[in-house]
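So you can see what is in the structure, the chains are spelled out below.
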Amino acid sequence: VITRPEMEIGRYHWMYRSSRPHQYHHVPGLRGNISPLGIQGCFECCIKCLGGVPYASLVATILCFSGVALFCGCGHVALTGTVTILEQHFSTTVSDHALLSEVIQLMQYVIYGIASFFFLYGIILLAEGFYTTSAVKELHGEFKTTACGRCISGMFVFLTYVLGVAWLGVFGFSAVPVFMFYNIWSTCEVIKSLQTNVTVPGDQICVDIRQYGIIPWTAVPGKACGPILENICNTNEFYMSYHLFIVACAGAGATVIALIHFLMILSSNWAYLKDASKMQAYQDIKAKEEQELQDIQSRSKEQLNSYT
């Protein structure tokens with residue numbers, strides 16, 4: 001005869017067939033640097049630590065630091081050399097290039113701020129990469145993702161997108177001085193090639209800086225022609241400024257690539273955290289059901305014992 005408690009146990013086993021208690025199986029011992037007490041060796045600990053490193057975020061951080069360092073360092077020195085070239089060869093009156101000097105000085109201070117900001121921002125994004133990597137690696141452990149963490153990850157996605165768009169403008173702006181110096185350098189090369197041709201004198205080939213709008217049209221002399229322009233191209237200030245502007249432009253491009261890389265990483269991590277929160281909710285419901293089933297089984301056993 002089947003008693004009522006036994007029927008109740010059978011009914012709940014049928015309803016919660018997928019929610020059975022975990023069965024533990026014997027796991028064979030690991031070979032290697034495992035001590036007799038079961039403590040992991042140095043090799044296993046190192047592998048575990050390396051498994052939690054966000055390599056994508058680390059590569060993006062190194063690329064971002066390198067790009068910002070090249071842009072800020074080379075741009076600062078190149079701007080100083082540009083002011084020296086203008087003062088010595090294209091604008092002998094201080095009042096003509098006073099506004100330009102103030103703008104360049106302001107840009108140098110902005111460069112200091114950019115370097116400091118991206119140093120901190122890169123560290124924060126790297127730390128966020130460690131956080132999300134730990135959330136994914138330890139999803140089935142005691143680690144819990146919170147709504148605040150997911151909100152912070154979403155905020156980083158938006159901020160990185162805005163910074164990426166801004167750095168596209170910086171990259172385009174940094175290409176302007178490269179274009180100007182390239183025109184001057186190519187004009188000097190034309191003058192050198194015409195030295196053997198007596199029919200076309202090099203004195204008629206000039207470069208007028210005033211047409212670029214960086215100094216007013218009233219600036220004296222404002223332009224350089226022939227041998228004077230060739231001497232300007234042979235100066236150390238021109239050579240260093242030209243190549244430093246090229247490196248600064250390349251650094252800005254590297255920073256744009258790093259921010260795009262960060263944007264992809266942050267978007268992926270945010271999606272992982274969103275899925276992790278759903279998985280945690282599912283596991284909480286499943287654990288609650290298992291606990292309720294165990295309580296019902298224990299009460300049924302107590303009732304069965306009391307009947308017997």
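Residues numbered from 1 in each chain as written. Predicted model: local features only at pLDDT ≥ 70, side-chain atom pairs only at ≥ 80, totals over all residues. Heavy atoms only, no water.

J.: A description of the overall build of the protein chain should follow, citing residues and the corresponding values.
T.: From N to C terminus, the protein chain includes seven helices and two strands. In sequence order, the secondary structure elements of the protein chain are arranged as α-α-α-α-α-β-β-α-α. Within the protein chain, the proportion of its 308 residues that are buried is 35%. A sequence separation of at least 24 residues applies to 80% of the contacts in the protein chain between residues at least 6 apart. Entry remark: accessible area of the protein chain is about 19300 Å², with carbon and sulfur atoms responsible for 66%. (Helix = DSSP H or I, 4+ residues; strand = E, 2+ residues; numbered from the N terminus. Buried < 20%, exposed > 50% of the residue type's maximum accessible area, 1.4 Å probe, protein only. Contact = heavy atoms within 4.5 Å. Areas by Shrake-Rupley, 256 points an atom, 1.4 Å probe, with all protein chains shown as cover.)

J.: Could you give an account of the confidence of the model for the protein chain, with specific residues and numbers?
T.: The share of residues in the protein chain with pLDDT of 70 or more is 72%, and the mean pLDDT across the chain is 77. Here helix α1 (residues 4-15) stands out as the element of the protein chain with the lowest mean pLDDT, 48, in contrast to helix α3 (residues 55-90), whose mean of 90 is the highest. Segment residues 1-6: pLDDT under 50, and eight contacts once partners within four positions in sequence are set aside and those in other chains are kept. Here residues 139-143 is modelled with pLDDT under 50, and outside its nearest four sequence neighbours on either side it reaches ten contacts, counting other chains as well. (pLDDT = per-residue confidence, 0-100.)

J.: Report on the UniProt feature "transmembrane region" (unreviewed entry) in the protein chain, specifying residues and quantitative values.
T.: Here, UniProt's "transmembrane region" (unreviewed entry) annotation points to residues 58-86, 106-131, 152-176 and 244-266. Secondary structure content for residues 152-176 is 100% helix and 0% strand, while the C-alpha to C-alpha distance between its ends is 37 Å. The distance from the first to the last C-alpha atom of residues 244-266 is 32 Å, and the span holds 100% helix and 0% strand. (UniProt positions renumbered as here; feature names shortened; annotations may be inferred.)

J.: Tell me about the nonpolar core, and please be specific about residues and values.
T.: Among the nonpolar cores identified, the biggest contains 50 residues, and Phe90, Phe118, Trp167, Ile184, Ile209 and Leu229 are the most heavily contacted of them. Those elements giving two or more residues to this core turn out to be α3, α4 (98-137), α5 (147-193), α6 (226-233) and α7 (236-307). If you tally residues by element for this core, the top one is α7, at 13 residues. Every residue in contact with tryptophan 167, bar those within four places of it in the chain, is listed here: Val68, Phe71, Ile114, Phe118, Ala252, Thr255, Val256 and Leu259. (Core = buried A, V, L, I, M, F, W, Y, C linked by side-chain atoms within 4.5 Å.)

J.: Tell me about a nonpolar patch on the surface, and name the residues and values.
T.: A cluster of nonpolar residues, Phe158, Tyr161, Val162 and Val165, forms a patch on the protein surface that exposes about 410 Å² of accessible area. Tracing the backbone through its elements, the reader meets valine 165 in helix α5. (Patch = residues over 30% accessible without salt bridge, like charges linked within 9 Å, V, L, I, M, F, W, Y side chains within 5 Å. Salt bridge = Lys/Arg side-chain N within 4 Å of Asp/Glu carboxyl O.)

J.: Any details on the state of the cysteines? Residues and values, ideally.
T.: For the structure on display, the rule yields two disulfides. A sulfur-sulfur distance of 1.8 Å marks the disulfide that ties cysteine 188 to cysteine 233. Across the S-S bond linking cysteine 188 and cysteine 233, the dihedral sits near 60°, which makes this disulfide right-handed. Within this pair, whereas cysteine 188 is found in helix α5, its partner cysteine 233 is found in helix α6, the two being separated by 45 residues in sequence. Pair check on accessibility: cysteine 188 and cysteine 233 agree, each one buried. Between the sulfur atoms of cysteine 206 and its disulfide mate cysteine 225 the distance is 1.8 Å. Its torsion about the S-S bond being 110°, the disulfide of cysteine 206 and cysteine 225 is classed as right-handed. Taken together, the positions of cysteine 206 in strand β1 (residues 206-208) and cysteine 225 in strand β2 (residues 223-225) put the pair 19 residues apart, joining distant regions of the chain. Taking the relative accessible area as the measure of exposure, cysteine 206 reaches 32% and is therefore partly exposed. The connectivity of the disulfide-linked cysteines in the protein chain, indexed sequentially, is 1-4, 2-3. (Disulfide = S-S within 2.5 Å.)

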